[in-house]
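# Analysis of the macromolecular model
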Amino acid sequence: MHCEQIVVYRYNIENVLCSEKILSVGSTSMRTLESIYWYGVKLIQKAANTSLFIEKLYPYRDFDFALPSRKEAFKAVLDYMVELTGETEILIMPGYNFKVCEALITNFHMPSSTLILLIAAFIGEDWRKIYNKALKNEYRFLSYGDGSLLFRD
């Protein structure tokens, strides 16, 4: 998975903290929100230096501690930051345990891409039904294509 830059401001974190449900608009936003959670985990465990960087498989390791709630992780980030700039290369694939996002608005992605893995992780095996319907009905794919509203499996 490629590395993407993250820039987050205090009001972004404050909005997440006061929200019950989080809807991400786009896969990059989803990767950002989930990465912020994992950065909060690192801060709580005192395993992060001042830079934000989430490795591809960091969320998949066996942790020897109970993972914090979304609010606890985001509060740790808020307590630490003024403006947060960093990078993520988080790979979201089937087996990923989502910590932040309950819904996603996104376009239709190309087969065999890492973004299809993200969709499969998010909604489960039903992704095949959705994509088959899109293909049969000639939906447009990629950035200027048709969009979808997806809810977590």
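In case you missed it, the structure is sitting above this.
Report on the accompanying structure.

### Comments concerning a nonpolar patch on the surface
On the surface, Leu23, Val25, Ile105, Leu149 and Phe151 cluster together to form a nonpolar patch covering roughly 480 Å² of accessible area. Elements that contribute at least two residues to the nonpolar patch include exactly strand S2 (23–25) and strand S6 (147–151). Take phenylalanine 151: it is sitting in strand S6. You can call phenylalanine 151 exposed: its relative accessible area is 54%.

### Brief notes about the pattern of salt bridges
If you walk through the whole model with that rule in mind, you get 8 salt bridges. Between lysine 75 and aspartate 79 there is a salt bridge, with its nearest N and O atoms 2.8 Å apart. Taken together, the residues lysine 75 and aspartate 79, both in helix H3 (residues 70–80) and 4 residues apart, mark about one turn of the helix. Relative accessible area serves as the criterion here: at 54%, aspartate 79 is assigned to the exposed category. When the shortest N-O distance is used, the salt bridge between arginine 128 and glutamate 125 registers 3.2 Å.

### Examining the sheet that holds strand S4 (residues 83–88)
Taken in spatial order, the 3 strands make up an open sheet running S1-S4-S3, and their pairing is mixed. Sheet topology places strand S1 (4–9) and strand S3 (52–54) at the edges, where each strand pairs with a single neighbour. In this sheet, neighbouring strand axes are inclined to one another by 25° on average, regardless of whether the strands run parallel or antiparallel. By the bridge criterion, 3 bridges tie S3 to S4 in an arrangement that is parallel. Residue pairing in the sheet places phenylalanine 53 in a bridge with glutamate 87 of S4.

About the criteria used
- Residues numbered from 1 in each chain as written.
- Predicted model: local features only at pLDDT ≥ 70, side-chain atom pairs only at ≥ 80, totals over all residues.
- Heavy atoms only, no water.
- Patch = residues over 30% accessible without salt bridge, like charges linked within 9 Å, V, L, I, M, F, W, Y side chains within 5 Å.
- Areas by Shrake-Rupley, 256 points an atom, 1.4 Å probe, with all protein chains shown as cover.
- Salt bridge = Lys/Arg side-chain N within 4 Å of Asp/Glu carboxyl O.
- Helix = DSSP H or I, 4+ residues; strand = E, 2+ residues; numbered from the N terminus.
- Buried < 20%, exposed > 50% of the residue type's maximum accessible area, 1.4 Å probe, protein only.
- Pairing = 2+ DSSP bridges.
- Axes fitted to C-alpha atoms, helices over the stretch in contact; angles between N-to-C directions.

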